[in-house]
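Residues per chain are reported as follows:
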Amino acid sequence: MSQTPKSWAMLKCKCPRCRRGDMFKGSPYSFSNKINLNCPHCNLFFEIEPGYFYAAMYVSYALNVGEALGIAWLTYLITHNQDSPWLYLGAIIFGCFALAPVNFRYSRVFLLYWLSPKIHYQSYLDTDDIPGKS
């Protein structure tokens, strides 16, 4: 059986160990945008230790800085305005608030996929069958 690509699993917010189970409940812009405690497929406990996702704040900060620079650059390309700092400030603040639910998800995804030395992909779990179930 072919392995699920890491980039696809990250984009779809799948479990880093089995790449099959959903990490989150609901869509990013719903009120039920919460992380599951365990993977529904392989039962991986996502919060490795108490307070583990506090580190996701640093990842989210880096995402916000990149997004703010991108929004400022796009604002300049669209308006060619070099006089009004309020235009840029308003666009950046609106953009960062609009992308906050996405940052919530992907900061945790990046943390679990790239910055967690204890979690590794296990290809035998990457099947349609749920392990331990007949």
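Scroll up to find the structure.
Residues numbered from 1 in each chain as written. Predicted model: local features only at pLDDT ≥ 70, side-chain atom pairs only at ≥ 80, totals over all residues. Heavy atoms only, no water.

Peer 1: Please clarify how the environment of Phe45 should be interpreted in this entry.
Peer 2: Mapped onto the secondary structure, Phe45 falls in the loop between strand 2 (34–35) and helix 2 (56–79). You can call Phe45 partly exposed: its relative accessible area is 43%. Between the C-alpha atoms of Phe45 and Cys15, which are 30 residues apart in sequence, the distance is 9.9 Å. Beyond its immediate sequence surroundings of up to four residues, Phe45 is in contact with Leu37 and Asn38. (Helix = DSSP H or I, 4+ residues; strand = E, 2+ residues; numbered from the N terminus. Buried < 20%, exposed > 50% of the residue type's maximum accessible area, 1.4 Å probe, protein only. Contact = heavy atoms within 4.5 Å.)

Peer 1: Help me understand the environment of Pro85 in this model?
Peer 2: Turning to its location among the elements, Pro85 is positioned in helix 3 (residues 85–98). Along the chain, Pro85 and Tyr124 lie 39 residues apart, while their C-alpha atoms are 54 Å from each other.

Peer 1: What's the story with the pattern of salt bridges in this structure? I'm lost.
Peer 2: When the charged atoms of two side chains with opposite charge come close together, those side chains can pair. Using the criterion set out here, one finds two salt bridges in the structure. Of the charged contacts, one joins Asp22 and Lys14 as a salt bridge, the two residues approaching to 2.5 Å between their closest N and O atoms. Lys14 sits in the buried class, given a relative accessible area of 14%. Taking the shortest distance from any N to any O, the salt bridge between Asp126 and Arg20 comes out at 2.6 Å. Of this pair, Asp126 sits in the segment after helix 4 (100–114) while Arg20 sits in the loop between helix 1 (6–11) and strand 1 (24–25), and the two are 106 residues apart along the sequence. Here Asp126 falls in the buried class, since its relative accessible area comes to 2%. Judged by its relative accessible area of 24%, Arg20 is partly exposed. (Salt bridge = Lys/Arg side-chain N within 4 Å of Asp/Glu carboxyl O.)

Peer 1: Before we go on, may I ask you to explain the packing of helix 2 against helix 3 in this structure?
Peer 2: In helix packing, the relevant descriptors are the interaxial angle and the interaxial distance, both defined with respect to the helix axes. Across the interface, helix 2 lies against helix 3 with an axial gap of 9 Å and an inter-helix angle of 135°. Taken together, the axes of helix 2 and helix 3 lie oblique to each other. In the crossing of helix 2 with helix 3, the sense of the turn from one axis to the other is right-handed. Here Asn64, Ala68, Ile71, Ala72, Thr75, Tyr76 and Thr79 of helix 2 lie close against helix 3, whose contacting residues are Leu87, Tyr88, Ala91, Ile92, Gly95 and Cys96. Here the contact of helix 2 with helix 3 is composed, by residue class, of nine nonpolar, four polar and no charged. (Axes fitted to C-alpha atoms, helices over the stretch in contact; angles between N-to-C directions. Parallel < 35°, antiparallel > 145°, perpendicular 65-115°, else oblique. Left-handed = near helix turned anticlockwise from the far one by under 90°. Nonpolar A, V, L, I, M, F, W, Y, C, P; charged D, E, K, R; others polar.)

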